[in-house]
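Below, each chain spelled out in residue letters.
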Amino acid sequence: AQDKLWGGRFAEPTDAFVEAFTASIRFDWRLYRHDIQGSIAHATMLAHVGILSAEEAQQIIAGLKAIQEDIETGRLQWSVALEDVHMNIESRLIERIGEVGKKLHTGRSRNDQVATDIRLWLRDSIDLLSAELRRLQQGLLDLAEREAHTIMPGFTHLQTAQPITFGHHMMAWFEMLERDHARLADCRKRVNIMPLGSAALAGTPYPLDRHYTAELLGFEGISDNSLDAVSDRDFAIEFCAAGALIMTHLSRFSEELILWTSAQFGFIQLPDRFCTGSSIMPQKKNPDVPELVRGKTGRVNGNLTALLTLMKAQPLAYNKDNQEDKEPLFDTVDTLAGSLRAFADMVPNIHVCADAMRLAVNQGFATATDLADYLVRKGMAFRDAHEVVGRAVKLGVDTGCDLSQMDLKELQAFSSLIEADVFDVLTPEGSVAARSIHGGTAPEQVLKRIQEARNRLKAS
Ligand code: ARG
């Protein structure tokens with residue numbers, strides 16, 4: 001009845017608005033390479049099992065490759081009337097190679113085709129993102145090693161807590177990203193399963209060799225239930241959840257970089273080329289990159305929510321609802337790729353202002369816990385030591401003087417257990433060196449963790 005590939009049963013052409021409303025080519029054209037890759041494997045398999053002649057498969061494959069070339073050189077005009085990337089390419093194939101092109105779709109539906117395309121696309125995207133994650137992790141390891149002995153205040157409640165090393169702080173980010181990397185790798189296993197052969201929903205009567213197609217496409221296995229394979233997008237949701245965590249980590253990282261570059265902290269400087277200025281205030285150097293990454297976390301969280309809501313309560317099997325899976329998924333990958341790239345480029349170039357951190361660590365009584373621990377070693381119960389040091393801090397607050405700046409006699413007024421060796425533990429160096437436990441902030445421990453991490457990265 002019309003020029004549609006499915007036009008046979010229709011008595012009138014599609015309403016022009018409906019045609020545009022239901023089309024996905026505006027965004028799913030991005031799947032073209034994987035759509036063609038899947039079609040080439042499908043055609044190869046059809047010949048392998050004798051459904052197509054070798055000659056027919058050859059013609060189809062050559063046609064598909066030529067179409068890819070047309071797309072990549074901008075010679076193919078996507079058509080909204082042809083709805084999506086799958087039908088655009090199939091129509092173009094038929095136009096190009098004639099009757100034999102009509103045989104490609106044997107034993108296949110767009111439902112298993114699109115599920116396959118997304119999995120192939122996402123698998124490549126995961127590999128790209130994993131590599132960017134690794135690049136950022138390498139940058140963190142280098143920075144942590146360089147600053148393994150640099151002392152800064154550690155915070156809880158954003159109030160000065162205890163001295164830590166900058167290297168230790170960087171390694172905290174490293175660990176978060178390490179779990180993110182593992183989550184992507186785990187998700188990839190479930191992405192890497194092939195739906196082809198499920199056809200529309202029930203499977204196909206043709207004797208397709210699904211294992212052969214899967215092997216051609218590098219899939220780890222094939223799906224075991226056709227209804228499930230064409231309809232569930234849990235693998236995309238899982239990926240978006242892993243992505244939301246990556247962004248959550250980057251947003252925490254961003255928040256600290258923003259705080260630290262402020263005049264009030266002054267702990268670090270970002271290179272000028274990663275910052276922008278103000279159109280009115282001449283002095284401004286704004287940390288736009290971390291701010292944007294912090295902001296973009298919102299859209300990635302939103303994409304996860306969108307996909308969960310999209311999937312919720314869909315009856316089996318495929319529903320057109322699922323066409324809405326692509327934009328949130330694409331946007332998640334794009335946002336992650338941009339954010340990780342920006343961070344991987346920026347982190348190795350962070351300038352650390354050790355003096356400012358040193359100054360800050362001497363305010364806020366960062367070694368108060370060390371004094372309490374000192375008293376415990378001299379025989380006092382910890383709860384009593386806590387009380388004694390609390391009183392010393394109170395005096396320090398009133399007189400504007402840090403514990404390490406008080407003289408021995410002043411300190412001894414709080415406890416006769418205090419002797420001249422107390423000043424060893426009141427220094428930030430002594431404080432961090434004392435925390436030489438696995439996972440602690442002592443430079444020797446941090447350097448060990450860095451070495452272990454380097455080995456792990458080399459092995460993976
Ligand atoms: N463009 C569709 C999608 O993205 C492809 C599958 C369409 N299948 C169908 N029976 N209408 O989901």
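Predicted, not measured: the structure shown is a model, and the values here were computed from it. (Residues numbered from 1 in each chain as written. Predicted model: local features only at pLDDT ≥ 70, side-chain atom pairs only at ≥ 80, totals over all residues.)

**Re the confidence of the model for the protein**
On average, residues of the protein score 96 in pLDDT, and 100% of them reach the 70 mark or higher. Note on the complex model: pTM 0.95, ipTM 0.97. (pLDDT = per-residue confidence, 0-100.)

**Examining the domain arrangement of the protein**
Interface size is commonly expressed as the accessible area that is lost once the parts come together. You can read the domains of the protein as domain 1 (7-106), domain 2 (111-150 + 164-206 + 223-351) and domain 3 (359-459). The gap between the C-alpha centroids of domain 1 and domain 2 is 31 Å. Counting residues at the interface gives 13 residues for domain 1, matched by 12 residues for domain 2. Among the elements of the structure, α2 (25-28) and α3 (32-48) are those that each provide at least two residues to the side of domain 1 that touches domain 2. Sorting elements by how many residues they give to the side of domain 1 that touches domain 2 places α3 first, with 5 residues. Per-class residue counts for the side of domain 1 that touches domain 2 are 3 nonpolar, 7 polar and 3 charged. (Domains from an automatic or database assignment. Contact = placed C-beta atoms within 7 Å. Helix = DSSP H or I, 4+ residues; strand = E, 2+ residues; numbered from the N terminus. Nonpolar A, V, L, I, M, F, W, Y, C, P; charged D, E, K, R; others polar.)

**Overview of helix α5 (residues 85-97)**
Under the 1.5 Å per step criterion, the end-to-end length of α5 is 18 Å for 13 residues, consistent within 8% with the ideal 18 Å. Here α5 has its buried residues at Val85, His86, Asn88, Ile89, Glu90, Arg92, Leu93 and Ile97. Looking at the packing, one finds that the buried side of α5 touches α2, α3, α4 (54-72) and α6 (110-146). Phi for Gly98, located one or two positions after α5, is positive at around 80 degrees. (Expected span 1.5 Å × (residues − 1). Buried ≥ 20, exposed ≤ 12 C-beta atoms within 10 Å, placed from the backbone.)

**Describing unusual backbone geometry**
For the bond running from Leu316 to Ala317, omega is 0 degrees, close enough to zero to count as cis. Although it is not a glycine, His157 sits at a positive phi angle of roughly 60 degrees. When you line up the elements, His157 lands in the loop between β1 (151-156) and β2 (159-165). One non-glycine residue, Leu158, adopts positive backbone phi at about 60 degrees. With respect to the helices and strands, the residue Leu158 is situated in the loop between β1 and β2. A count of 7 C-beta atoms within 10 Å places Leu158 in the exposed class.

**With respect to the packing of α3 against α5**
Two elements in contact, α3 and α5, have axes separated by 10 Å at closest approach and are oriented at 55 degrees. Taken together, the axes of α3 and α5 are oblique relative to one another. Read as a crossing pair, α3 and α5 show a hand that is right-handed. Along the contact surface, α3 presents Tyr32, Asp35 and Ile36, while α5 presents Val85, His86 and Ile89. (Axes fitted to C-alpha atoms, helices over the stretch in contact; angles between N-to-C directions. Parallel < 35°, antiparallel > 145°, perpendicular 65-115°, else oblique. Left-handed = near helix turned anticlockwise from the far one by under 90°.)

**Observations regarding the nonpolar core**
By size, the foremost hydrophobic cluster in this structure holds 107 residues, and its most contacted members are Leu140, Ala144, Phe174, Ala236 and Leu371. The biggest single contributor to this core is α6, with 14 residues. When residues no more than four places from it in sequence are discounted, the contact partners of Phe174 are Gln137, Leu140, Leu141, Ala144 and Ala453. (Core = buried A, V, L, I, M, F, W, Y, C linked by C-beta atoms within 7 Å.)

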